[in-house]
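Close look at the chain arrangement
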Amino acid sequence: MKLGYTHFCIVLDASGSMSSRRNDVIETLKRFVSRQLECESDEDKVLIDVYQFSDETTQILSSAPMSSFDPSDYQCSGCTALYDAVCIADNELRDKIRQLPERERPEDVAFVIVTDGMENASQRFGLSDVRKRLDVAKKKGWRVDFLADNIDVERTANELGLVEADDHYELCMDNVKEELCDRLCYSMAQIRESRASRR
């Protein structure tokens, strides 16, 4: 593995209900990147994937360094195919990592799911598919976070197999600029803290 390399994958709700918050979400992601760049060291390498999902799942950022992050492709419409999005992103991320030489694979992986509503449109994958993938991810040592609003977050997280208190967080989308940025930064801080304790 490549010490100090974190791969950060965000699976981001882009359904119609997010349209009124689109600008806030873009600002939030830019702020997150700016804050991470402030604390990045020469030994740190952070690459980001961003998937947006509604009825369809689209990757809008692929293995990009923090310094080139630009989420302006984020567009909102349609329904919430959450299960499809999680499984597609997970499949593609695993394939990407598997294709890297062992010495180039990330030391840490963060897989963050952000949604403001319940699953209602998946066609390819179901709840059991999501549970299996997230269970494998956790066993591999990935950090998995489920951040949501307008649903019973704890119950939904438990249905996804995310039963630890630190696996999920109830966002307030009315304050998304502060809360989402704080939670993304928290995930990175936990990764760095865990990494420091291993060395």
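Please refer to the structure higher up on the page.
Residues numbered from 1 in each chain as written. Predicted model: local features only at pLDDT ≥ 70, side-chain atom pairs only at ≥ 80, totals over all residues. Heavy atoms only, no water.

Our focus in this paragraph is the pairing of strand 5 (residues 143-148). Within strand 5, six of the six residues are buried, which leaves it mostly tucked inside the rest of the structure. Crossover strand 4 (residues 106-115) to strand 5 through helix 3 (residues 127-139) is right-handed. Pairing analysis gives three bridges linking strand 5 to strand 6 (residues 168-170), with the strands arranged parallel. Across the sheet, the residue bridging to alanine 148 is glutamate 170, located in strand 6. (Buried < 20%, exposed > 50% of the residue type's maximum accessible area, 1.4 Å probe, protein only. Helix = DSSP H or I, 4+ residues; strand = E, 2+ residues; numbered from the N terminus. Right-handed = clockwise from strand over helix to strand, strands pointing away. Pairing = 2+ DSSP bridges.)

Moving on to the pattern of salt bridges. One pass over the structure, following the stated rule, counts 22 salt bridges. Its salt-bridge partner being aspartate 49, residue lysine 96 comes within 2.9 Å of it at the nearest N-O pair. Note that lysine 96 is positioned in helix 2 (residues 82-99) and aspartate 49 in strand 2 (residues 45-53), a separation of 47 residues in sequence. Among the ionic pairs, aspartate 167 bridges to lysine 138, the shortest N-O distance being 2.6 Å. Taken as a pair, aspartate 167 in the loop between helix 4 (153-159) and strand 6 and lysine 138 in helix 3 lie far apart in primary sequence, 29 residues in all. Overall, aspartate 167 belongs to the buried group, its relative accessible area being 4%. When its relative accessible area of 29% is taken as the criterion, lysine 138 is described as partly exposed. A cluster of three or more residues bridged by salt bridges with shared partners is formed by Asp44, Glu107, Asp108, Arg192, Arg195 and Arg198. (Salt bridge = Lys/Arg side-chain N within 4 Å of Asp/Glu carboxyl O.)

Counted under the stated rule, the structure contains two aromatic pairs. Pairing phenylalanine 8 with phenylalanine 32 gives two aromatic rings, centres 5.2 Å apart and planes at 45°, and the pair type is tilted. Here the residue phenylalanine 8 occupies a position in strand 1 (residues 2-13), and phenylalanine 32 occupies one in helix 1 (residues 22-39), the gap between them amounting to 24 residues. Across the pair, exposure class does not vary: phenylalanine 8 and phenylalanine 32 are buried alike. Against the face of tryptophan 142 rests arginine 94, its NZ or CZ located 4.7 Å from the ring centre. One cation-aromatic arrangement involves arginine 183 over tyrosine 169; the distance from NZ or CZ to the ring centre is 4.3 Å. (Phe/Tyr/Trp six-rings, centres within 6.5 Å; stacked < 30°, edge-to-face > 60°. Lys NZ or Arg CZ within 6 Å of the ring centre and 35° of its normal.)

Moving on, we come to the environment of glutamate 40. You can see glutamate 40 is positioned in the loop between helix 1 and strand 2. The exposure class assigned to glutamate 40 is partly exposed, which follows from its relative accessible area of 27%. Measuring from C-alpha to C-alpha, the distance between glutamate 40 and aspartate 116 comes to 30 Å, with 76 residues separating the pair along the chain. If we ignore the near neighbours within four places in the chain, the residues touching glutamate 40 are Val46, Met66 and Arg192. (Contact = heavy atoms within 4.5 Å.)

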